[in-house]
Amino acid sequence: MLQLISPAKINLFLQILRRRVDGYHDLASLFQTISLYDNLTFSFADKDELTCSDPCLPTDSSNLIIKAIDLFRRKTGLKFGLKVHLEKHIPYEAGLGGGSSNAATTLWALNELHSRAYPLQDLMTWSAEIGSDITFFFSNGTAYCTGRGEIINSLNPLPRESLWIAKPAQGLSTPAVFKHLDLTQLSLHDPERTLIGFYNGRPLHYNDLEEPAFRIDPTLHHIKQQLIEMGFATVLMTGSGTAFYCLGSKTPYQIPGVTFYPATFIRRQPGQWYSQISS
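Rules used in this analysis
Residues numbered from 1 in each chain as written. Predicted model: local features only at pLDDT ≥ 70, side-chain atom pairs only at ≥ 80, totals over all residues. Heavy atoms only, no water. Buried < 20%, exposed > 50% of the residue type's maximum accessible area, 1.4 Å probe, protein only. Helix = DSSP H or I, 4+ residues; strand = E, 2+ residues; numbered from the N terminus. Pairing = 2+ DSSP bridges. Contact = heavy atoms within 4.5 Å. Expected span 1.5 Å × (residues − 1). Polar contact = N/O pair within 3.5 Å; in protein donor to acceptor, adjacent residues only side chain to side chain. Salt bridge = Lys/Arg side-chain N within 4 Å of Asp/Glu carboxyl O. Core = buried A, V, L, I, M, F, W, Y, C linked by side-chain atoms within 4.5 Å.

Student: Describe the pairing of strand S1 (residues 2–19), with residues and values.
Tutor: Among the 18 residues that make up S1, 13 are buried, leaving the element largely enclosed by the rest of the structure. In terms of strand pairing, S1 meets strand S2 (residues 25–45) through 16 bridges, oriented antiparallel. By the bridge assignment, Arg18 is partnered in S2 with Asp26. Between the antiparallel neighbours S1 and S2 lie five residues, among them Gly23 with a positive phi of about 95°.

Student: So, the pairing of S2: which residues are in play, and what are the values?
Tutor: Counting buried residues in S2 gives 16 out of 21 residues, a clear majority hidden from the surface. Where S2 lies against strand S5 (residues 142–146), four bridges are found, and the strand directions are antiparallel. Note that in S5 the partner of Ser29 across the bridge is Cys145. Pairing geometry for S2 and strand S4 (residues 81–87), over seven bridges, is antiparallel. Residue pairing across strands places Phe42 opposite Val84, the latter belonging to S4.

Student: Lay out the environment of Leu50 with the relevant residues and their values.
Tutor: Secondary-structure assignment places Leu50 in strand S3 (residues 49–52). A relative accessible area of 9% places Leu50 in the buried class. Put simply, Leu50 and Thr259 are 209 residues apart on the chain and 27 Å apart in space, counted from C-alpha to C-alpha. Discounting residues that sit within four places of it in the chain, Leu50 has contacts with Thr59, Asn63, Ile65, Ile66, Val84 and Leu86.

Student: Which residues make up the side chain of Asn102, and what values go with them?
Tutor: Positionally, Asn102 belongs in helix H2 (residues 98–113). The class for Asn102 is buried, based on a relative accessible area of 3%. Setting aside chain neighbours within four positions, we find Asn102 in contact with Ser6, Asp38, Leu40, Ile65, Leu86 and Lys88.

Student: Describe H2, listing the residues and the values that go with them.
Tutor: With 16 residues, H2 ought to run about 22 Å at 1.5 Å a step, and its terminal C-alpha atoms sit 22 Å apart, in line with that. With 13 of 16 residues buried, H2 is to be regarded as a mostly interior element.

Student: Account for helix H1 (residues 64–76), naming residues and giving values.
Tutor: Between the first and last C-alpha of H1 there are 18 Å, a value that for 13 residues agrees with the 18 Å anticipated at 1.5 Å per step. Along H1, the residues that are buried comprise Ile65, Ile66, Ala68, Ile69, Leu71, Phe72, Arg73 and Thr76. Of the surrounding elements, those touching the buried residues of H1 are S2, S3, S4, H2 and helix H3 (120–127). Put simply, Asn63 is the residue that caps the front of H1, since its side-chain oxygen is 2.8 Å from the backbone nitrogen of Ile65. With its phi angle positive at about 75°, Gly77 sits one or two positions after the end of H1.

Student: Which residues make up the pattern of salt bridges, and what values go with them?
Tutor: Tallied over the full model, the rule gives ten salt bridges. Asp38 is the salt-bridge partner of Lys88, the closest N and O atoms lying 2.7 Å from each other. Of this pair, Lys88 sits in the loop between S4 and H2 while Asp38 sits in strand S2, placing them 50 residues apart in sequence. Bridged by salt links that share partners, the residues Arg18, Arg20, Asp22 and Asp26 form one connected network.

Student: So, the side chain of Thr142: which residues are in play, and what are the values?
Tutor: Inspection of the secondary structure puts Thr142 in strand S5. Contacts of Thr142, omitting those with residues within four sequence positions, involve Leu30, Phe31, Gln32, Phe136, Asn153, Ser154, Leu155, Asn156, Pro157, Leu158, Tyr199 and Arg267.

Student: With reference to specific residues and values, describe the nonpolar core.
Tutor: In terms of nonpolar packing, the biggest core is built from 37 residues, with Ile69, Val84, Phe138 and Trp273 touching the most fellow members. Counting residues per element, the ones that place at least two in this core are S1, S2, S3, H1, S4, H2, H3 and S5. Apart from the residues lying within four places of it in its own chain, the contact partners of Val84 are Leu40, Thr41, Phe42, Glu49, Leu50, Thr51, Ile65 and Ile69. Counting residues in each nonpolar core, the second largest holds 25 residues, with Ala28, Ile90, Leu96 and Tyr206 among its members.

What follows is the structure in structure tokens.
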């Protein structure tokens, strides 16, 4: 049996560059893993079985954990059954990458259970076939991501920072948010200069998916204003939403319909998976 944590991520900035001919979008983003995480338990079994602490989460072939198991078998030719239990803590439809992290953690676990038979680069390459954000979690926890998000450039760690995740009760689907994206209103920043700013003390936080999310659900804009009024230094939606990350040493007060999660930046040490005491 193997037990691993599966961390969430935030986008410290997220810039959409263009729509591609395949219908996807090229982006540039600074991803960071945080200490909000799910727990996953793995053991070999006669057949695949996925159970979850949250009865609302599908445990069939639509779940990225099952897709990761099938992917690993297809790429390696190995025959096995796997029993997985997911203790869910990362909210979904949040932009926190919970499903992608679960898939990456599953691929890592399967490689561990098979005595690290395959190099990390193989896991990274394979993972892009089932999701754009999965590859990021094989980085060291801080990475500049381009393409659809699957092209990863691991970076030196940023200073450890405390934050709050504010998750409204409602969720949004990523395809719906992209459908409302206005390509004439994209950020005009140079993303590589933005990236440098995070390392020279001049960070610039922005997300091109925030405004389309607000167009779908204007209450999200109202929630952001409430968070700003609390006095946080930075409030920004992560990914395609609906969660916001809030930077600054504040203790949030209650907002109806919003759940708060404390977190810090974490990273993965070489040759290891993420741990509860990552630094």
